[in-house]
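What follows is each chain in one-letter form.
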Amino acid sequence: MKPLEMLLRNAARSQKKIVLSEGADPRVVQAAIEARRQGIARIVLVGREEGILCQYAFAKAKPDEGVEIHNPAQSPLLDELALLYYELRKHKGVPLEQAICEARKPHVYAALLVKRGLADGTVGGAVATTAEIVRTAIQVIGPKPGSKLVSSFFLMLFCQMHHVKKGAHIFADSGLVVDPTAEEMSQIALASADSFAALIGDVPRVAMLSFSTRGSANHDSVSKVVTATEMARAAVPELLIDGELQFDAAFVPDVAASKAGDSPLGGDANIFIFPNLESGNIAYKIAQRVGGAEAIGPILQGLDKPANDLSRGCSAEDILHMIAVTAAQAEANQPAKARQEEFVS
Ligand SMILES: CC(C)(COP(=O)(O)OP(=O)(O)OC[C@H]1O[C@@H](n2cnc3c(N)ncnc32)[C@H](O)[C@@H]1OP(=O)(O)O)[C@@H](O)C(=O)NCCC(=O)NCCS
Ligand SMILES: CC(=O)OP(=O)(O)O
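Residues numbered from 1 in each chain as written. Chains lettered and ligands numbered in written order. Predicted model: local features only at pLDDT ≥ 70, side-chain atom pairs only at ≥ 80, totals over all residues. Heavy atoms only, no water.

Novice: An account of the overall build of the chain is requested, with residue identities and associated values reported.
Specialist: On a plain count of helices and strands, the chain comes out with 14 helices and 11 strands. Relative to its length of 345 residues, the chain is compact, with a C-alpha radius of gyration of 21 Å against a globular reference of 20 Å. For the chain, the C-alpha atoms occupy an extent of roughly 65 × 50 × 40 Å along the three principal directions. Burial status across the chain gives 52% buried among its 345 residues. Expressed as a percentage of contacts within the chain between residues at least 6 apart in sequence, the contacts between residues at least 24 apart total 71%. Working note: accessible area of the chain is about 15800 Å², and carbon and sulfur atoms make up 55% of it. (Helix = DSSP H or I, 4+ residues; strand = E, 2+ residues; numbered from the N terminus. Rg over C-alpha atoms; globule rule 2.2 N^0.38 Å. Buried < 20%, exposed > 50% of the residue type's maximum accessible area, 1.4 Å probe, protein only. Contact = heavy atoms within 4.5 Å. Areas by Shrake-Rupley, 256 points an atom, 1.4 Å probe, with all protein chains shown as cover.)

Next up, the structure:
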């Protein structure tokens, strides 16, 4: 089964409640309509009710029983959520009055719903910038126990006729950590390997990318990638990882054979870790816009609960796919015991 079909089918099975913080955006409403039509998730749309219903009317549709509309300013949950925000941020000197203002902001309200356990995950960023969405996710939902670094990745689906290699790949970090240290780059690699296994169910094969292969160039930024690879290998010896490699040596078996004949990846990596956000962000947009890859992201990893971003250039279909990914992350997060109880009841 194709990775996207698998994600959509698994989302439909789990019936998670996903909050869309930009509820009145026409692409968001289209995605909500399609998510309900395909039975992928229950949806909370955050925003002014008139604006949201207006978009439904344009689309000649009406919200069904699986859709809730929350206007933060009029929500009966506002006081409780503002208090929760205050508790989370008072150690940073945030006063209660400011907490109330913050909780009225749609993306903050959405993250608070997830933090409070009233929804399973949130998606925003069709309008807001990545910095706004990510800062809120980090401050409200927070890193999961044992994880210091929150990072992001794109699920890149190669499924066009011209794609010689088809299937799911990860590009990271293409959205969040601007200039990772070697240690941070190794953490991004390990988190991406876990995300790939959880979402796609395949064995991760990680390439640590550079403009150099096996010492063909000399520079501090090359040394960083070599050190990051060693750190990741030391932390998880069984992980299939190699670096420093150029993209062709990581992706094309013939080139791998000539440039890095000893590479355990053999030019068949499925996870590509970039040395910085410049290369990661530019690469995903070129692969998407020139190469015709389907790009789902930025998907955040290392958070306690799912909160995901979008590119402002996204389509309704991109948002639909992100709803499915968010549901899959929520399902993967859920302890096995809780899943069993849900299954029995
Ligand atoms: C994510 C981002 C907004 C954080 O930057 P910032 O808000 O200036 O960071 P700050 O240093 O002020 O940190 C804000 C909070 O987040 C925490 N934080 C920042 N980055 C973090 C990370 N990667 N993991 C975990 N925590 C992080 C800080 O510890 C701080 O916590 P606190 O408020 O409780 O003290 C920043 O990394 C960024 O702008 N990234 C690029 C986003 C972007 O434009 N991408 C391109 C398009 S996709
Ligand atoms: C991920 C990303 O690049 O987001 P945007 O296009 O909104 O800047």
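Novice: Tell me about the nonpolar core, residues and numbers included.
Specialist: If you look at the biggest cluster of nonpolar residues, it comprises 85 residues, and the most contacted ones within it are Leu 155 and Ile 323. Ranked by residues supplied to this core, first place goes to helix α8 (residues 182-200) with nine residues. Apart from the residues lying within four places of it in its own chain, the contact partners of Ile 323 are Ile 18, Leu 20, Ala 31, Ala 35, Ile 40, Ala 41 and Ile 43. Phe 154, Met 156, Leu 209 and Tyr 284 belong to the second largest nonpolar core, which has 19 residues in total. (Core = buried A, V, L, I, M, F, W, Y, C linked by side-chain atoms within 4.5 Å.)

Novice: Before we move on, can you summarise a nonpolar patch on the surface with the specific residues and values?
Specialist: Among the surface-exposed residues, Leu 83, Leu 96 and Ile 100 lie close enough to one another that they form a single nonpolar patch of about 230 Å² accessible area. Position of Leu 96 relative to the elements: it lies in helix α5 (residues 96-104). Classification of Leu 96 as partly exposed rests on a relative accessible area of 34%. (Patch = residues over 30% accessible without salt bridge, like charges linked within 9 Å, V, L, I, M, F, W, Y side chains within 5 Å. Salt bridge = Lys/Arg side-chain N within 4 Å of Asp/Glu carboxyl O.)

Novice: Account for the sheet that holds strand β11 (residues 307-308), naming residues and giving values.
Specialist: As summarised here, the arrangement of the five strands in space is β3-β2-β1-β4-β11, forming an open sheet in which the pairing is parallel. With partners counted over all chains shown, the strands left at the sheet margins are β3 (67-70) and β11, one partner each. Its contacts with the sheet put helix α3 (residues 49-58) on β2 (42-46) and β3, and the angle it makes with β3 is roughly 140°. (Pairing = 2+ DSSP bridges. Axes fitted to C-alpha atoms, helices over the stretch in contact; angles between N-to-C directions.)

Novice: Pulling in residues and values, what's your account of the site of ligand 1?
Specialist: Close to ligand 1 lie 16 residues; Arg 89, Lys 92, Arg 135, Val 150 and Gly 175 are nearest. With respect to ligand 1, the side chain of Lys 92 contributes an N or O atom lying 2.8 Å from an oxygen atom. Gln 139 has a polar side-chain atom sitting 3.1 Å from an oxygen atom of ligand 1. Burial of ligand 1 by the surrounding chains reaches 60%, relative to a free accessible area of 930 Å². Mapped by element, the contributors of at least two residues to the shell around ligand 1 are α7 (130-141) and α12 (277-289). With six residues, α7 is the single largest residue contributor to the shell around ligand 1. Grouping the constituent residues of the shell around ligand 1 by class yields eight nonpolar, four polar and four charged. (Near = heavy atom within 4 Å. Polar contact = N/O pair within 3.5 Å; in protein donor to acceptor, adjacent residues only side chain to side chain. Nonpolar A, V, L, I, M, F, W, Y, C, P; charged D, E, K, R; others polar.)

Novice: Outline helix α9 (residues 220-235), supporting the account with residue identities and numerical values.
Specialist: Every α-helical turn comprises 3.6 residues, leaving residues that sit three or four positions apart pointing alike. Helix length check: α9 (16 residues) gives 23 Å between terminal C-alpha atoms against 22 Å at 1.5 Å per residue, within 8%. Those residues of α9 not exposed but buried are Val 222, Lys 224, Val 225, Ala 228, Thr 229 and Ala 232. Along the axis of α9, the buried residues cluster in a sector spanning 155°; they form a single face. Opposite the buried face of α9, by more than 90 degrees, sit the exposed residues Asp 220 and Ala 234. Those residues of α9 hidden inside the fold are in contact with α8, β7 (205-209) and β8 (240-245). (Expected span 1.5 Å × (residues − 1). Arc of directions from axis to C-beta.)

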